[in-house]
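Structure assessment
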Amino acid sequence: MPDSKYSPLPPWQRTDYCGALRARDEGRAVAVLGWVAARRDHGRLIFIDLRDREGIVQLVFNPEYAAAHDVAEKARSEYFIAVRGKVLRRSEGTVNAELPTGEIEVAVSECEILNTSPVPPFPIAEGEVAAEELRLKNRYLDLRRPEMLRNMRRRHRALKAVRDYLDENGFIEVETPILWKSTPEGARDYLVPSRVNPGRFYALPQSPQLLKQLLMVSGFDRYYQIARCFRDEDLRANRQPEFTQIDLEMTCPRPEDVMSVAEGMIAAAYQATLGIDIRPPFPRLAYAEAMERFGSDKPDMRFGMELRNLTEAFAGTAFKVFAEVLARGESIYAIAVPAEHQLSRRELDEMAESLRSRHGLGLAWAKTAQEGWQGPVAKHIGESEKARAAQAMALKAGDTLLMVAGDANKIRPVLGDLRLALGQKFGLCDAEGRSFLWVVDFPLFEYSAEEKRLVSVNHPFTAPHPDDLERLESEPLRVRSLAYDMVLNGQELGGGSIRIHSRELQLKVMDLLGLTREEALDRFGFLLDALTYGAPPHGGCAFGVDRLAMVLCGTDSIRDVIAFPKTQKAVDLMSGAPSEVSPRQLKELGIKVTS
RNA sequence: GGGGUCGUAGUUCAGCCCGGUUAGAACGCCGGCCUGUCACGUCGGAAGUCGUGGGUUCAAAUCCCAUCGGCCCCGCCA
C-alpha cells in the first residue's frame, strides 16, 4: 500500500475552504484540505483545528470511524491533511464565539495525511510573533500566519482597486524593460553584465521615468504600470532595494488633473481595503509654507505645535547668542510645547545636547509661568522681547518655548524633527488619523555644497513653473517647479510633476545642472531626440505601493507587506542571495572579482 | 562608512550590573491516561556550542577585546 504522502494528487477535491463554512452549511457533506493548527486528543474523541487561507474550522473525530480516528491520532501540527465529513451544528454550550466557524464543526468520516511536518521553528498562530530573523529564514511558514496572509491580501485588494480605477479612467498598462540603461544621477544603479556585449552593463531601472515619457511621445495618452524599481542604497524600515511603484503618465494635464487622478486612486484603494471613504480633494500646501510652518516638506499635520519665526521679536536683543546670529542676517525659530505636556530639566538638557552634537546648534529653552520665564536663558532676554515672542507664539502660562537660532534653511528642519519627536513622545499623532495633503510649488533646484553645483530637487525632467521661467538663468534657486507630493501623516506616499517637453528647455536645464552638451546627448540623447518629434506636454506621478500597503495594514515595517523581503544588509535569509557564482559564469561575462 | 540595541532549550524570555550550586520559567515537543474540547485537562519525560573566536581570572552566560548575524537610526535614497 503506497503512502498517501507520496501521491501527487489529493484523494479528493475540496468542496469548501475551512474558514468559509458557516451554520448555513449544516448537514452538508464536505471535503476540506488544510494544515493542522491544533489537536486536542481526548483519548476517544479527537478535535483538530484545520486551517487554510480562509480561516480555521474544528474537525471532530469519533471512534466510530476507526480508520479516520487512527489517522487523527498520528496527525501533528502543520501536517497537511484531507478530510471528508459532514457539517454539524454544534450543540448548545459548545459553540465557540471566538471563531467565525464556531457555530459548526465537521464530523470526519475519512482522513488522509497528504504530508507531514517537523515541529515548526515558530508557532503559526494569530498574535504570535517570532524573531524576525527566524521568520525571514522560514518565510514560507511566516506567510502562513494569518496576519501576513491578511497583509498580502490587503495589498492585492489595493492594487486590484488601483488597476480597476486607472482602467476606468482610460489608462493603458504597459510593461517597460527591467534590463535597461544606467543613467548615473540619483541613486546607485544595480548593474547586470551583458554576456553578448562584454564589458557592457544594463542597469535595473530606478523608475520607468524616461520610458513613460517616451510612451507619451508615442501617443498612448494615458499610461500606467505597477512597476518594480531598484535602487542600490542602504535599507531602512520603510526602504527595500527593490520596491513597487504605481507609475502613471498623462498627456497635456494640468497639475490639478494629475493630483485629481491620484486622489481618486488612493480613495479607491482605501475603499477596497478598509471600506473607508476618503474625501478628496486634499489640501494643498506650498513647499515654502510647509517649511515655514512645519520645517518639513512632508509635514505631519495630525497635530499642531507649529514653528514660528521669532526673528522680528528678538530684533535688537541684548542676548548675545541671538544677537550674533541676527547680525549675520540669520533667523530665530521656535516651537511652543503646550503646558499640558511638561518636559523635565533632564529631557531638555538631553534635547539640547542632541542638537549640539548632531547639528552644532544651541537650544534656548524657557518655561513660561505667571511670574515670568524660567530657564538658563530667561534672564538674558528683555521683557519686551518676551512679550513680542509670547504674542507671536500665542503662549499660555506653563508652555515651554524651544528656540533655535541660525540659518533658516538649516534650523527649520531641525525644529521640524524636534516637533515630530515631541509629537510622538506626547502621543499627539492619532494612529487612526489620516491627514492627507499635497505639497506643491517645490523649488526646481537646490544647491549641493558637496558637488558644488545645482541639483534637481525632483529630477532633471521636471518642468519649471511657467511664472518663474524668466528667472531660470538669473536666479535658478528661486525657480519653482510644477511638482507635487502627496503626503499622509508625515510620510510621502507619492509624487510627480509636469515634465519638460521641449528639447531646448530640457537642454537648458541640463546645462544648469552642470551637464555638458556631450554628456546630455550621451546619456539622454534618445529622450532629447524624441522630444523633437511633436512631443506633447505631459506629466504624471508615481506612488510607493509598499508604503501605501504599510499604511493600509497599519505596520511600521515594509517587510510586513512584501512576501520575500531582504534584511538590512540586503540579504535574502531564505535563499542566501546574493551568493557567489561559478568561475565559469564570471569568465563568460568577462568579469574578474578583486575583493 | 558611523552610532545604538539584541543574540541563553524548538519558541518567547529570566539570569549578566555585583564572576562561584546541577543555567531556570512558560509555551512547544515526546510518552501514559482522558468522549465536548477549542490556550483542553492530568501524570511523567526529554531538551542548552549561553552567536563565534580570543583574553582576564583559581573560576566566565556574567568582565574585556575582536568578529558574525537580526533590528533601529545617521550618512545615502535625482
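Right, let's walk through the structure included here. (Residues numbered from 1 in each chain as written. Chains lettered and ligands numbered in written order. Predicted model: local features only at pLDDT ≥ 70, side-chain atom pairs only at ≥ 80, totals over all residues. Heavy atoms only, no water.)

Let's shift gears to the overall build of chain A. Scanning chain A from terminus to terminus reveals 15 helices and 22 strands. Dimensions of chain A along its principal axes, counting C-alpha atoms only, are 95 × 70 × 50 Å. Contacts in chain A between residues far apart in sequence, at least 24 positions, make up 67% of those at least 6 positions apart. Carbon together with sulfur atoms contributes 50% to the accessible area of chain A, which is approximately 30,000 Å² in total. Side-chain charges of chain A comprise 78 positive and 86 negative groups, with the mean position of each set lying 3 Å from the other. (Helix = DSSP H or I, 4+ residues; strand = E, 2+ residues; numbered from the N terminus. Contact = heavy atoms within 4.5 Å. Areas by Shrake-Rupley, 256 points an atom, 1.4 Å probe, with all protein chains shown as cover. Lys, Arg positive; Asp, Glu negative; His and termini not counted. Charge placed at Lys NZ, Arg CZ, Asp CG, Glu CD.)

What follows deals with the pattern of salt bridges. Should the charged atoms of two oppositely charged side chains come close, the side chains can pair. Under the criterion given, the structure shown has 52 salt bridges. Ionic pairing is found between R144 and E78, a salt bridge with its closest N-O pair at 2.9 Å. Placement of the pair is R144 in the loop between α3 (139-142) and α4 (146-168) and E78 in the loop between α1 (66-74) and β4 (80-89), with a sequence separation of 66 residues. Judged by its relative accessible area of 5%, E78 is buried. We note a salt bridge from E289 to R293, for which the minimum N-O separation is 2.6 Å. (Salt bridge = Lys/Arg side-chain N within 4 Å of Asp/Glu carboxyl O. Buried < 20%, exposed > 50% of the residue type's maximum accessible area, 1.4 Å probe, protein only.)

All right, on to unusual backbone geometry then. Note the cis peptide between P280 and P281, where omega equals 0°. By the element assignment, P281 lies in the loop between α6 (255-274) and β11 (284-286). Although it is not a glycine, M305 sits at a positive phi angle of roughly 55°. Structurally, M305 can be placed in the loop between α7 (287-294) and β12 (308-309).

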